[in-house]
Structures are given as C-alpha cells and as structure tokens.
Amino acid sequence: MTTRVEKNGLQVAEELATFVETQALPGSGVSAEDFWEGFSDLAHDLAPRNAALLARRDELQDKIDQWHIARRDTAHDPDAYLEFLKDIGYLVPEGEPFHIDTTKIDPEIATVAGPQLVVPITNARFALNAANARWGSLYDAFYGTDAMGSHPPKGGYDKGRGARVVARVRVFLDETFPIDGASHADVRRYHVEKGALLVDDKPLSDPAQFAGYRGRAKAPDAVLLVNHGLHVELVFDRGHVIGARDQAGLADVRIESAVSAIMDCEDSVACVDAEDKVLAYRNWLGLMKGDLSETFEKGGKTVTRALAEDRVFTAPDGGELTLKGRALMLVRNVGHLMTNPAVLLRDGSEIYEGLMDAMVTMLIAKHDLARDGGNSVAGSVYVVKPKMHGPDEVAFTDEIFTRVEAALGMAQYTVKIGIMDEERRTSVNLKECIRAAKHRVAFINTGFLDRTGDEIHTSMEAGPFSRKEFIKRKGWITAYEDQNVDIGLECGLRGKAQIGKGMWAKPDEMAALLEQKIEHPRAGANCAWVPSPTAATLHALHYHKVNVAEVQKKLEAGGKRAYVTALLDIPLATYRRWTREQVIREVENNAQGILGYVVRWIDQGVGCSKVPDLSGVELMEDRATCRISAQHIANWLHHGVVTEAEVGEVFRRMAKVVDEQNADDPLYQPMAPGYNGIAYAAALDLVLKGRQQPSGYTEPVLHARRLEWKAA
Ligand SMILES: CC(=O)SCCNC(=O)CCNC(=O)[C@H](O)C(C)(C)COP(=O)(O)OP(=O)(O)OC[C@H]1O[C@@H](n2cnc3c(N)ncnc32)[C@H](O)[C@@H]1OP(=O)(O)O
Ligand SMILES: O=CC(=O)O
Ligand SMILES: [Mg+2]
C-alpha cells in the first residue's frame, strides 16, 4: 500500500514527495510551495486535454479500421485512401514554408555531427558510462569487438591482434589527417614548433587540423587533431604496454565518440510506480548536478565510476583549450499515453506520466542551468518527446513545456524539444508537427522501430503484413526516412538542430555496424543512435569520412525526394505464398524475442535487454521492438495466417528456449514447464490482446503485469 502525502490537491507517493523536497528542490531556486502549486495546476488543467488527444487517436483508428473492413475484398485504391485520410483529419493540410527559430542550441546539437548514444537512465553504472562516452579508445573498440572481422581470443593480450589494430588505426589517421608524402605508420616523432604540429619534420597536409597538445611541445603527452568538428587525441606514453612497443610512443588513440547521449526514461526502462520513477529522477539529478557516482564489482575489483572531467589542452597559439569530457545529455520523457500511480489527482485518477516527467525532469535540469560549464553551455534543456501522433500532440507538448517553464521560473523556450518521428500520423504530417514547436525544436529523429509497430497497428484491418524482414525492405520505409531529412532541411534544421536516424539494434555486431551505419551520415543525418559506448566510437569514424553539412547542402539543392503517397504505401504481404515452415519460423522468431524481453521486464524490472534470436545473433530488445513483434503476430492471428493454437504451441516451445538462454542467471525464474507465471501471461497478452492495445503499444500490458508482480 502506497503511503501518500497531500500536496495542493495531489496525492503524492511519499518517496516521490521526499525526493522532490529534499533532493530535487534544494538549490534549484524553486520553492516547495511554487513547485506543488505549479505541478497540481499542470496535472489538473491538462489531464482533460491529454485524455481528449488519446480519444482522438482511438476515433481515427476506428475510422481507419472500418475503412479497411468495408473494402476487404477489393483492391486497395491509394487515391481514395488519401482522400479518406484527409477527410477524417488524419492528414492535415500543409501550410506555408517556414524555418524553425530555436535559439541557444549547443554545438553538439547544431553543428557537430556525430553518434548519439541512448541509455536506460535507471542504470546508474551505464548512464555514467554513457555520459563519459564522449571520448572512447579506438584501440579498445577495434581490439575488443569483431570490427576487424574476428573476436578477440580469450586470455591475455594477443600481440598479433594488437599489431593489426595499431595498423588499422594508422590507416584511419592517414585517411583523416594525411601528411603529404608520408604515413602515420612510419612516423617516429610528433612535436610542436611555433604553434604547428610536425610529424617527424612535416606538417599535416591541412595544418589547421592540429587543435592542441598536452605536455611539452617538444615531446607532447598528447596531440589533439580535429576533423569535421570531431576531435581525435593521440596519447603518447613510452612507459605504457602499447606505447613502449610503438616507434612514436603512441599508446592510444582516443576519439570523440558519443557527442550527445539520451538519458532514457522511456522505452528502455521499466518504471511503473513511484519507486521506479524516483530511481530514474535521482540518476538524472546526479547527472545534472555532476555528482552521480556508482560503486560496483568488475573483474574481481571494486570500481567507483563518476562523471568525467573536461579535458584541457594547450591550443596552437599557446592559450588554453578546454573540451567537454562528457556527452551533451538529453532526457527522454515518456509520451502522452501512460498514467502512473506515483501521483493521484483530486478525483483519484492517476497522473499522466508525461506531465510528471516534464515537471520533474525540467526542475532537475535547473541545477545544470544554474552552474557554469555544466551540461548545456548555451543554457538549454533538451527533452526528447516520443510517440506523439500528429501536430496537435506536438502543440500539446509545447504547451506543457511552456507551462512548466512558467511554473519553475525558466524563460520560455529554455526547454528544447526532440521530436521522435516514430508514429505514422507524425510522419505524414511532419512539417506541421515541426511548425507546432518551431521555437523549440532541436531535433527530429526517425524512430523506425516504433514506426514499424505503428505501421502494422494502423493498418491492422488492411490484411496480413509481410514478414518482418520484408516490411523493412518495402518502399514506405525509404520514403519515411528520406522525407524526414527533406522536411528537416526544408524547415531550416541545417546548422541549428539534429536530423537523426535510428538505433543500431545488433549491439555485438560491430563489423556490420562499420560497414552499414555509414549510410546514416550519407543520408544527411547529423546524428544516429547507437546502443553502447563502443558502438559510438566505431560509428564516429563514419562522421570523419562523411561531411554531413556538405551532404545536407546537396540534398537541400536537390529538392524533395519523397512524397506522402509513398509513405502511405502499406507494406502488406503481396503474394502470401508462405510455406507452413516459413509461417511458423516467423512466429517463433517474434515469440522468442517477446518472451526473452518480457520475462526480464516483468520479473527483474529490466527495460532493455540483449536477446539472442533463433540464429544466435544478439538483438537489442526494448518496448519498441517488442511492439513490432507483438503486433506482427496479432496481425497474422487476426487474418488467419496462424491459429491461436499454433501461437500457443510456439510460445510454450520458445519459453523453453528462453529458459535455456537464461540458465546462468541466478535471478531468473523459468517459465516452463508450468507456463503459469506473470511474465509468461504478459507475453501472451501482448499478442492475444495485441489488436486492442492503444496504437499497439506494449506499455499498458507491461505496466499492469509488473505492478501485479510487485504486489505479489
Ligand atoms: C527503439 C528505441 O527506443 S532504442 C533506445 C533504447 N535502447 C537503448 O537505450 C539501448 C541501450 N543499450 C543497452 O541497454 C545495452 O547496451 C544492452 C541492453 C543492449 C546490452 O547490455 P549488456 O548485455 O549488459 O551489454 P554488454 O555486456 O555487452 O556491455 C556492458 C558494458 O557496456 C556498457 N554499456 C552497454 N550499453 C551501454 C549504454 N547504452 N550506455 C553506456 N554504457 C553501456 C556497460 O556500462 C558495461 O560496461 P561496464 O561493465 O564498464 O559498466
Ligand atoms: O525510439 C526509437 C524507435 O525506433 O522507436
Ligand atoms: Mg521509439
């Protein structure tokens, strides 16, 4: 039973109230009276609007369902469909051209193109690591992964592999920082003379790439280079195990990696009540005040991790150059859908969680604004808002932020918005969505995972969808990705804001990342998501190869490539000549991913997991990937591609597979042979009740079942 305290008509769980009053408010410049009054007004005034927006989602979905049901046996008519979507107000008219006029944007968002790391905020160890992932060792990233084609051998340092890594990194240096008529591979000495870097006795082909050094000019401890705004630090240490063997004493190459990082309160966490929300908010507070630390066991040692300090160099002109040691941090709030029992309103209903996130995460960010040289040097707060459906919902977010700014005594538009372009009604109305928050837009990002889930749910009644792998290959997704960039550029985001691309969802496949993720900067994205610091370091190499600002200029000049009609091309299965094996394999794949993810969510409160697929490839699973898998099976069930009995049989078999995959986890509770646990029931609910879930989201089922588990 939650103990609650009354605050201006809100019934607040005691642990949340205590956290706010004893930790978040002191030093923020906001009094408890003002905070609770503002919070209560926000929660009570905006709840009916929030509810109305959700009702509008249902109303439109219902009309779309009916439209498809009425035309089941006729060929799809794209023109009639387009007119219908306009008639019902799903598709809104596009207004006059405009540019965003967001101000006070940090360079990490506006001008420096680079990787964006996402991390579950409830895991302090990971969150600290993410903030510190601004700099990563290129030697470690190559040595410790499959990036060069093989995995490191078990046991101690492999000298042969080490030598290949050093040679590979020298190739990167030659490509990125060429020296006329020489190679970094042959250099014996890097030194500074009269403000210029000399490599042996030659300057870099472009001497302006020399950005600074540390130590003595004649024999620096570190040399700092810069390319496309991203820094690279050559670390010299002849006493180091690597440096001792290197002719130039080069011990490591550390590169700017996670230029920005999203501290995620949404799809990668499992926060269902006050206890969970306080954990998330406490970590955010530590990040914003700069005092978060975590002690844990690693490799038989006790390690304490804290936030990295800024890095100080001597500039070429002899002055001091300070570079940030941490990624620029953004916080992802939850969307408009969920409520949370951490706070109850006067009528006893639960607070909309998005309103609570806005109020508390922005209060906490005031600690950063109050100090010099913290997270945002420009004086902004960056909030990523997911899962909005169309311009009215973006306008609503803008209003929430304005209300919170006023309540907390912040200037209007201090808080910037990152718009996740991940619901179909947002994609098809993207320009109007950006317009609705044009004074504070700092990013748009194609969250293609949620977007795929919404694609299936929106057209659930239109027929069976292609297999998951083939949905990705159809025209709609290219149109969606291209249009996002085109519209971002049309709305003036170049040089001001991020046009971002989605997650690399295979956390252990770094060779494939190196080969494939260069497509993101090539497509004009000035950031793209990575799941880990190592992935950030390797993806950073792509931004050294591709000058995104130039790509964006070319795309702008080339004009629009994608139109809404292409986005509306529903990726239904065309021939449906699947063999029974193919159908069952597809369901197995989806069921296994759902079960592997959900069992940790429900039983252990882990919101993002690595789950091996049936061929053994580890996949990042979060609520968005789970949404796709669940909606896919729900769609095939609904259209009779597979029966409920078959799905039940596959689930039982896959539960055994997942049990085996987790056999080494002492906290793990097997699902088989009883199949009567809460987690198993949750996984089945997601599928069997999938069609009835709002927009096909997984949150309602997961929250309800996790609360049930906690109560039990
Ligand atoms: C659709 C969407 O919304 S995508 C956005 C949501 N997804 C995410 O946020 C993905 C974030 N990534 C993760 O949570 C994790 O990388 C997972 C779950 C995919 C894999 O986790 P694990 O299996 O524990 O990773 P693994 O064992 O390979 O590596 C753990 C190490 O990497 C670090 N690490 C892994 N991911 C991250 C991360 N995102 N940020 C910072 N550090 C990380 C950990 O700190 C740990 O290092 P440490 O021992 O020094 O602390
Ligand atoms: O949030 C990201 C997505 O792909 O969904
Ligand atoms: Mg998403």
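From a predicted model like this one, the values you see are computed outputs, not experimental measurements.

Colleague: What should I look at first to understand the overall build of the protein in this one?
Modeller: Of regular secondary structure, the protein possesses 25 helices and 25 strands. For 712 residues, the compact-globule estimate of 2.2 N^0.38 gives 27 Å, and the protein sits close to it at 26 Å. With the C-alpha coordinates of the protein rotated into their principal frame, the extents come out at 75 × 65 × 60 Å. Across the protein, contacts joining residues at least 24 apart in sequence account for 75% of those joining residues at least 6 apart.

Colleague: Sorry if this is basic, but what is going on with the sheet that holds strand 18 (residues 350-352) here?
Modeller: Two strands in a sheet stick together by hydrogen bonds in their backbones, pointing the same way (parallel) or opposite ways (antiparallel). Here four strands make up an open sheet; going across it, the order is 1-2-17-18 and the pairing antiparallel. Sheet topology places strand 1 (4-7) and strand 18 at the edges, where each strand pairs with a single neighbour. Strand-to-strand twist across the sheet, computed as the mean angle between neighbouring axes with direction ignored, equals 60°. Sheet analysis places strand 17 (residues 339-344) next to strand 18, joined by three bridges and oriented antiparallel. Looking across to strand 18, one finds that threonine 339 is bridged to tyrosine 352. Helix 1 (residues 14-24) rests against strand 1, strand 2 (10-13) and strand 17 of the sheet, and its axis sits at about 90° to strand 2.

Colleague: How should I be thinking about helix 10 (residues 390-408) in this particular structure?
Modeller: An α-helical segment advances 3.6 residues per turn. Residues three or four places apart therefore align on the same side. Its 19 residues give helix 10 an end-to-end C-alpha distance of 28 Å, which sits within 8% of 27 Å, the value for a rise of 1.5 Å per residue. Buried residues belonging to helix 10 abut helix 2 (32-70), helix 9 (353-369), strand 19 (381-385), strand 20 (415-420), helix 11 (424-427) and helix 12 (430-435). Downstream of helix 10 by one or two residues, glycine 409 has phi in the positive range, about 70°.

Colleague: Got a minute to help me understand the nonpolar core in this structure?
Modeller: Proteins that are soluble and globular tend to have nonpolar side chains buried together. Counting 204 residues, the largest nonpolar core has Ala261, Met263, Ile419, Leu595 and Val598 as the members making the most contacts within it. Those residues within four positions of methionine 263 in sequence are excluded, and the remaining contacts are Val119, Ile121, Ala127, Trp284, Leu287, Met329, Leu330 and Val331.

Colleague: Can you walk me through the site of ligand 1 in this structure?
Modeller: Neighbouring residues of ligand 1: 26 residues in total, closest Val118, Asn129, Ala130, Ser268 and Ala624. Partitioning the shell around ligand 1 into residue classes produces 15 nonpolar, five polar and six charged. Both of domain 1 (85-92 + 102-134 + 259-288 + 325-567) and domain 3 (580-711) provide at least three residues apiece to the shell around ligand 1.

Colleague: How should I be thinking about the site of ligand 2 in this particular structure?
Modeller: In the vicinity of ligand 2, the contacting residues are Asp267, Pro386, Met420, Glu422, Gly447, Phe448, Leu449, Asp450, Gly502, Met503 and Ala624. Per-element tally for the shell around ligand 2: the top contributor is helix 13 (residues 448-458), with three residues. Split into classes, the residues belonging to the shell around ligand 2 amount to six nonpolar, two polar and three charged.

Colleague: Sorry, what's going on with helix 8 (residues 274-289) here?
Modeller: In a regular helix each residue adds 1.5 Å, so 16 residues correspond to 22 Å; helix 8 covers 22 Å between its end C-alpha atoms and thus fits that length. Judged by how many residues are buried, helix 8 sits mostly within the fold: 12 of 16 residues are covered. Taken as a whole, helix 8 has its buried residues at Ala274, Asp276, Lys277, Val278, Ala280, Tyr281, Asn283, Trp284, Leu285, Gly286, Leu287 and Met288. Looking at the residues trailing helix 8, positive phi occurs at glycine 290, about 85°.

Definitions and limits used
Residues numbered from 1 in each chain as written. Chains lettered and ligands numbered in written order. Predicted model: local features only at pLDDT ≥ 70, side-chain atom pairs only at ≥ 80, totals over all residues. Helix = DSSP H or I, 4+ residues; strand = E, 2+ residues; numbered from the N terminus. Rg over C-alpha atoms; globule rule 2.2 N^0.38 Å. Contact = placed C-beta atoms within 7 Å. Pairing = 2+ DSSP bridges. Axes fitted to C-alpha atoms, helices over the stretch in contact; angles between N-to-C directions. Expected span 1.5 Å × (residues − 1). Core = buried A, V, L, I, M, F, W, Y, C linked by C-beta atoms within 7 Å. Buried ≥ 20, exposed ≤ 12 C-beta atoms within 10 Å, placed from the backbone. Near = placed C-beta within 6 Å. Nonpolar A, V, L, I, M, F, W, Y, C, P; charged D, E, K, R; others polar. Domains from an automatic or database assignment.

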